[in-house]
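# Coordinates in review
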Amino acid sequence: MADLQAALAAHVSAALTAEFGAEYAGADPLIRPSAFADFQANVAMALAKRLGLPPRDVATRIASHLDQAPMCERAEVSGPGFINITLSDAWIGEAAAFQLGDPRLGIPVSDRPQRVVVDYSSPNVAKEMHVGHLRTTIVGDSVVRMLERLGHTVIRANHIGDWGTNFGMLLEHLIDIGEQAAYAQLAAGEINDFYQGAKVKFDADPAFADRSRRRVVALQAGDQETLRLWRTLIDDSKQYYNAIYAKLGVTLTDADLAPESFYNPLLEDVCRDLERAGIAVISDGALCAFPPGFTGRDGNPLPLILRKSDGGYGYGTTDMAAIRYRVGDLGADRIIYVVGSEQAQHFAMVFAVARQAGWLPDSVIAEHAAIGMVTGTDRKRFRSRSGESVKLIGLIDEAVSRAEKVIEDRYDDPELRAQIAHAVGIGALKYADLSVARESSYMLDFDRMLSLTGNSGPYLQYATARIRSIFRKGSVDPAGETGPIMLTAPAERALALRLLGFGAAVAESAQTAEPHRLAAFLFDLASDFTTFFEQCPVLKAESPQIRSSRLALAALTLDVVLAGLDLLGIPVPDRM
Ligand code: ARG
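This model, assessed by the stated rule, comprises 12 aromatic pairs. When the ring of tyrosine 241 is compared with that of tyrosine 245, the centres are 6.4 Å apart and the planes differ by 40 degrees; the resulting orientation is tilted. One end of the pair, tyrosine 241, and the other, tyrosine 245, are both in helix α10 (residues 224-248), 4 residues apart, so they sit about a helical turn from each other. Geometrically, the ring pair formed by tyrosine 337 and phenylalanine 351 is tilted, given 5.4 Å between the ring centres and 45 degrees between the ring planes. A residue pair is termed long-range when its members are at least 10 positions apart, and tyrosine 337 in strand β10 (residues 334-340) and phenylalanine 351 in helix α13 (residues 344-357) qualify at 14 residues.

In structure tokens, the structure reads:
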């Protein structure tokens, strides 16, 4: 039972073919959840036009077949020709028991597996990762987990910013203060201070600015000593990102680094080929592409700059090389850029130019999975009290230490407490981010994210702990509970029906690159479980059959919540 709605759609299709013949088999029955029944099918209206019959008649004739399918308890025509379908309790129970025995828990394997490049996290060398990178990292990591589970081949691309004119001043500053001092500062996480040190001198001291420009030239020319120093900066930053990834439980490794500098050898060809194709032209000394449909406020065409008038390449050039490489060399069918929404226009232009050039054929999907702003509780851009951007590592540590306070009085063993606090703090931070639609701005509020009630990470973690404690109390092994599942109360039915929607929730979240859909599903599931648990005694059920059925429902809920949280990248403590 991979997907409830798909199974139902198949039934409706079979019913309409049986009634009207094979030539109508292609009509797509739109199935959606309904407030009046379990689902509503919308197929009769479109079909009625083709058949030249009243829509309600068409609906009634299809419905008469559905009544006989074991899956359907009732099919009723409503409105202009909708079919409201109520599933049979017996069927739901059987499907849930089947799901419990399925190692995939109903998550489908894609019948059209793709190669998907996911460009995410992508911080900048020798610059502090900011809260925006926290979001691109967490959302991207959940998207790759879901895609892989669905059977797609995922290529993680951490497009770190390790190139550009900034490196002239950074390297000169490094030389000025001495390597030892610079590395000590970077290792201490004082990346902003290091960066600011360089910037202040660059703005104030013309001689320093001059040296910095010469240093850029030396870097681009491949000067050995300059390259050595540049690499040390990158190694330092890598260690810093990796420490953050490790704390967050993010799946990125060094093997996933696809830095901007990787594309250096390809940039000249990018410019040459676009110029030859007539897509790029010289404008004010710079080589630019002007994709159709992009105009500035003044109404003039907007350029994607490929080569500046001083001969230098920029962010746009690298992205053109990257997209060509990802399609041409990596064989991507789909490319997802998990990047801040302020770069929407940049990506729209990159995609447009790549389409013009034929580097991005229609068969390949390129999409910007835009990430909204992180705000403080004042709803303004998230900043520290002194107005600077906040260090990510400090934020992560704060989430964990606040979590420790929340659970302080519950555990005496300091090691166990630290372990639980880590899972709760990280889980809270990640879930708070993942549960908000990625394009919306998101308010970073420690109190709310750590609350044990409401839509929070700890609430879901706690739900798993509660289910585990049922099994502990009854000395029952959840793995031994296999059903059969019988539905004897409305709360059982609602829970089972929700559980059957897991596969579709995962597939839809991956399809839209929107983990908040899966988060919402898990929250609804936990709420359904709470109602079930309040209304239906499990260990003290009225008969051994009902007890075993309810234990099976609890075991399935536990499995699904754990699998879902894993797809979100949220750690779960065994106890809470
Ligand atoms: N380094 C960039 C930033 O911090 C993000 C890069 C996103 N990926 C890309 N292919 N442009 O904003």
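As a further point, take the layout of surface pockets. The probe, sized like a water molecule, is rolled over the atoms to show the empty space still left. Taken as a whole, the largest pocket encloses approximately 1,300 Å³ of empty space. Around the largest pocket sit 49 residues that line it, and Asn124, Lys127, His130, His133 and Gln343 are the ones nearest its centre. Taken together, the elements giving at least two residues each to the lining of the largest pocket come down to α5 (131-149), α6 (166-177), α8 (191-204), α11 (264-276), α12 (315-328) and β10. The residue makeup of the lining of the largest pocket, split by class, is 18 nonpolar, 21 polar and 10 charged.

This part is about the site of the ligand. Lining the immediate surroundings of the ligand are Asp119, Ser122, Asn124, His133, His159, Tyr315, Asp319, Tyr337, Val339, Gln343 and Phe347. Asparagine 124 places a side-chain nitrogen or oxygen 2.8 Å from a nitrogen atom of the ligand. The separation between a nitrogen atom of the ligand and a polar side-chain atom of aspartate 319 is 2.8 Å. Looking at the shell around the ligand, the elements with two or more residues in it are α12 and β10. Tallied by class, the residues present in the shell around the ligand amount to 4 nonpolar, 5 polar and 2 charged.

About the thresholds
- Residues numbered from 1 in each chain as written.
- Predicted model: local features only at pLDDT ≥ 70, side-chain atom pairs only at ≥ 80, totals over all residues.
- Heavy atoms only, no water.
- Phe/Tyr/Trp six-rings, centres within 6.5 Å; stacked < 30°, edge-to-face > 60°.
- Helix = DSSP H or I, 4+ residues; strand = E, 2+ residues; numbered from the N terminus.
- 1 Å grid on protein atoms, 1.4 Å probe; cavity = no way out; pocket = protein on both sides within 12 Å on 5 of 7 lines; lining within 4 Å.
- Points joined across faces, edges and corners; volume = space filled by probe spheres on them.
- Nonpolar A, V, L, I, M, F, W, Y, C, P; charged D, E, K, R; others polar.
- Near = heavy atom within 4 Å.
- Polar contact = N/O pair within 3.5 Å; in protein donor to acceptor, adjacent residues only side chain to side chain.

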